[in-house]
Amino acid sequence: MAHAASTSIGRARASEANRGDGLVSAVLSVLVIVISVLLFYTWSRVQVVRIGYEIFNANSEMRKLDQENKELILEIATLKSPKRIERIAREELKLLPPKEEQIIILR
Amino acid sequence: MKKPSDKWIRFRISTILVFFCLVSFIIAGRAFQLQVLKRDQLCKLAERQYKKNIPLVPKRGTIYTRGYEELAVTVEVDSIYAEPDSIETPKLAAKRLASLLPLSRKELEDNLSSSKSFVWLARKVTPSTIERVKSLNIRGIGFVKENRRFYPNGELASHAVGFSGIDGTGLGGIELAHDAQIKGKTELVRAERDAFGKRTLPRDLGFEDSLAGNSVVLTIDKTIQYTAEKELAEAVRKSGAKGGTAIVMDPKSGEVLAMANYPQFNPNDLSSTYQAALKNRAIVDTYEPGSTFKVFLLAAALEEGVVKPGDKFYCENGSMELAGKVIHDTHKHGTLTVREIMKFSSNIGSAKIAAKLGKERFYDYITSFGFGSPTGIELKGEGSGILRSMKTWSKLELANVSFGQGVSATPLQLTAAFSAIANGGYLMKPYLVKDILDRNGKVIKSNQPQIVKKVVSGETASKVTEMLRDAVAEGGTGSGAALNGYDVAGKTGTAQKVSGGRGYTENKHVASFIGFVPAESPELVVLVAIDEPEGIQYGGIVAAPAFKAIAETSLRYLNSPKKNDVEIPVGAAMKVAKADHLPQRRGDAE
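Residues numbered from 1 in each chain as written. Chains lettered and ligands numbered in written order. Predicted model: local features only at pLDDT ≥ 70, side-chain atom pairs only at ≥ 80, totals over all residues.

Enquirer: Would you mind showing me how to read the overall build of chain B here?
Expert: In terms of regular secondary structure, chain B is built from 21 helices and 24 strands. When the 590 residues of chain B are sorted by exposure, 43% land in the buried category. Residue pairs at least 24 apart in sequence account for 71% of intrachain contacts in chain B once pairs closer than 6 positions are excluded. (Helix = DSSP H or I, 4+ residues; strand = E, 2+ residues; numbered from the N terminus. Buried ≥ 20, exposed ≤ 12 C-beta atoms within 10 Å, placed from the backbone. Contact = placed C-beta atoms within 7 Å.)

Enquirer: What is the right way to look at the overall build of chain A in this model?
Expert: For chain A, the count of helices and strands is 2 helices and 1 strand. Helices and strands appear in chain A in the N-to-C order α-α-β. Dimensions of chain A along its principal axes, counting C-alpha atoms only, are 140 × 30 × 15 Å. By the burial criterion, 1% of the 107 residues in chain A qualify as buried.

Enquirer: How should the sheet that holds strand β23 (residues 524-531) of chain B be read in this particular structure?
Expert: Two modes of strand pairing occur in sheets, parallel and antiparallel, and in both the strands are linked by backbone hydrogen bonds. Residue and element names in this part refer to chain B. Spatial strand order, β12-β11-β23-β22-β21: 5 strands in an open sheet with antiparallel pairing. A strand with exactly one partner marks an edge of an open sheet, and here the two such strands are β12 (256-262) and β21 (489-498). Across the sheet, the axes of successive neighbouring strands diverge by a mean angle of 10°, strand direction being ignored. Sitting on the sheet, helix α9 (residues 222-239) touches β11 (243-249), β12 and β23, and the angle it makes with β12 is about 30°. (Pairing = 2+ DSSP bridges. Axes fitted to C-alpha atoms, helices over the stretch in contact; angles between N-to-C directions.)

Enquirer: Help me understand the domain arrangement of chain B, please; the structure alone is not making it clear to me.
Expert: It is common to give the size of an interface as the accessible area lost on bringing the parts into contact. Residues and elements named next belong to chain B. Under the domain assignment used here, chain B contains domain 1 (45-69 + 153-218), domain 2 (79-145) and domain 3 (222-266 + 280-557). Centre-to-centre separation of domain 1 and domain 3, based on C-alpha positions: 42 Å. On the side of domain 3, 23 residues touch domain 1, which itself brings 24 residues to the contact. Broken down by secondary-structure element, the contributors of at least two residues to the side of domain 1 that touches domain 3 are α6 (158-161), α7 (173-177) and β10 (215-218). Here the residues of the side of domain 1 that touches domain 3 are counted per class, giving 10 nonpolar, 10 polar and 4 charged. (Domains from an automatic or database assignment. Nonpolar A, V, L, I, M, F, W, Y, C, P; charged D, E, K, R; others polar.)

Enquirer: Looking at this structure, I do not really get the pairing of β12 of chain B. What am I missing?
Expert: The side chains of a regular strand alternate between both faces of the sheet. Residues and elements named next belong to chain B. Counting buried positions over the 7 residues of β12 gives 7, a clear majority of the element. Two strands pair when backbone bridges link them, and β11 and β12 are joined in this way by 6 bridges, in the antiparallel orientation. Each bridged residue has a counterpart across the sheet, and for valine 248 the counterpart in β12 is alanine 258.

Enquirer: Hey, could you run me through the nonpolar core in this one?
Expert: Here is a general trend for soluble globular proteins: nonpolar side chains tend to be buried in one another's company. Residues and elements named next belong to chain B. Residues Val528 and Ala543 are the most contacted members of the largest nonpolar core, which totals 126 residues. If you count residues domain by domain, this core takes at least three from each of domain 1 (45-69 + 153-218) and domain 3 (222-266 + 280-557). Ignoring any residue separated from it by four or fewer positions in sequence, one finds valine 528 in contact with Leu232, Ala235, Ala246, Ser512, Phe513, Ala543, Ala546 and Phe547. Leu100, Leu112, Leu121 and Ile141 belong to the second-largest nonpolar core, a separate cluster that totals 13 residues. (Core = buried A, V, L, I, M, F, W, Y, C linked by C-beta atoms within 7 Å.)

In structure tokens:
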């Protein structure tokens, strides 16, 4: 009888202990999940900032290249100025406009 | 060693659990308070710290010739500013900067000691200046990119293109007329700054180029424009004139292919340009057209059937009295046909034709040819010329108007009116903007030729053309404009300038020539007007040679065949070219 009673108390304690362990596990699991979510969120924010910098740098590079391109276009346009071309043709290359008989019309 | 009891272990675990739960609850509570309850207030505070409003001044669109060659381009350059609050020793900083910037030491010191939080020191300076100022490493001196307008061809088409100010606003020419299109949208954008003050990409904006202005393609042809400017400058220099204008127009469409003025200006260097050079004489200046106006009298008289080309008029041997005044011809003529009146440019003959036509009909035709009202070209400040109401015209005034006195017109009005004779009688609206492109180069607006009015019939236009050919033939007043291989139809004009609104000056004239080529199928209408030439002042001597040079070069450039051109097949041509003109290549000799 006494043995049966002590066994019953033991079971009850074990059951209570198991319930306590279950609660702890559940709370810990929730904490792990919450912390994981927070960590993921933090990581994603860091990524957003990092990618933001990358985009900014890429954009700066693009602007720089675009600017370089515009400067080259300007330089080409300046070099193609008819006044400059005529000066070089006449003074440096000693060229003259073609005479009447030097012009051949191609069909 | 005594093992801790289960109870103690559980107590400790529970205590830690409660502690963590409490801490988590506090954190969650605080997070709720910050993220939900105080969200708006804190967001505003944070934004003030890490966000900054940056005015985004867009790039002006490019201005192109009809062949897509750049006439105006915007490029970013650096400007230098100071934040006086951050400058520790303004005197020393001014001393170091004085040798590099276009400001005196005193001006710099005043700027650097200013109570303002921001002052410009130098705007749109060269990269080498920027490098030198940067190397001084002065705290409180900053650099910012700004857009600067460049005109790579300098003076070329400067009056048509115009120029823009330091703030990027159009101030003349197409830059002003199409400012709203070219300028783009200026907007404030919110750029984010990190803990180090570094700017990151604004979230609500892709690229700043999205605000860039539209580009404009002009009807101007670079080669024809250059030729017109060069020959006009040569004519003005040779004749010792005050200035001049040359316009080249496509008579079929009204497209302005060249608009040249002398003196010119360089829009890259406005500081050394005097005000008068900025004036676009082609659309602003009005002058009495003189004999070139006889063309419109003749067109009106022929259209109305008042005269025929062979009709004869007695030209009073060069002198005719009318209403107490004497009208003269340059040379004495007896009886002349209508054709000859045009060829020898007889004022007396014109006055007699005008009298026969009547002032009402003549006035109607003059206004139909566009005189007395602006042509409507895209440029600002266009003149309308002076055309008094015909109700007030006396017989003498009618005679005067018949040979282009007492009436004034802009060079562009004359060119447009002449185009109507060249194209078979249609008055076309002159235009300078061919297309408008968006920032990706896509055409968003394309201007098409516009007929303003059918002024005379094709038959009348042909008859007038025939007579204008005579005027350029040997013995005609415009023989200096005759081209080898192309038929020219044109008319000279030598008009006295009005003196202070009363009477005419003795020695001040506008010498002009206007014509079209090839006469049988006109491709170009060219006007050359020379203001106050010295010495010989006749249009046939001063302006006609410039017309000839512009027309000849332009027709060759446009590959317009001459009447006497010999066309040969490509293969044969290459043989001829190799044998006679081209240097042999190394491979050819082997």
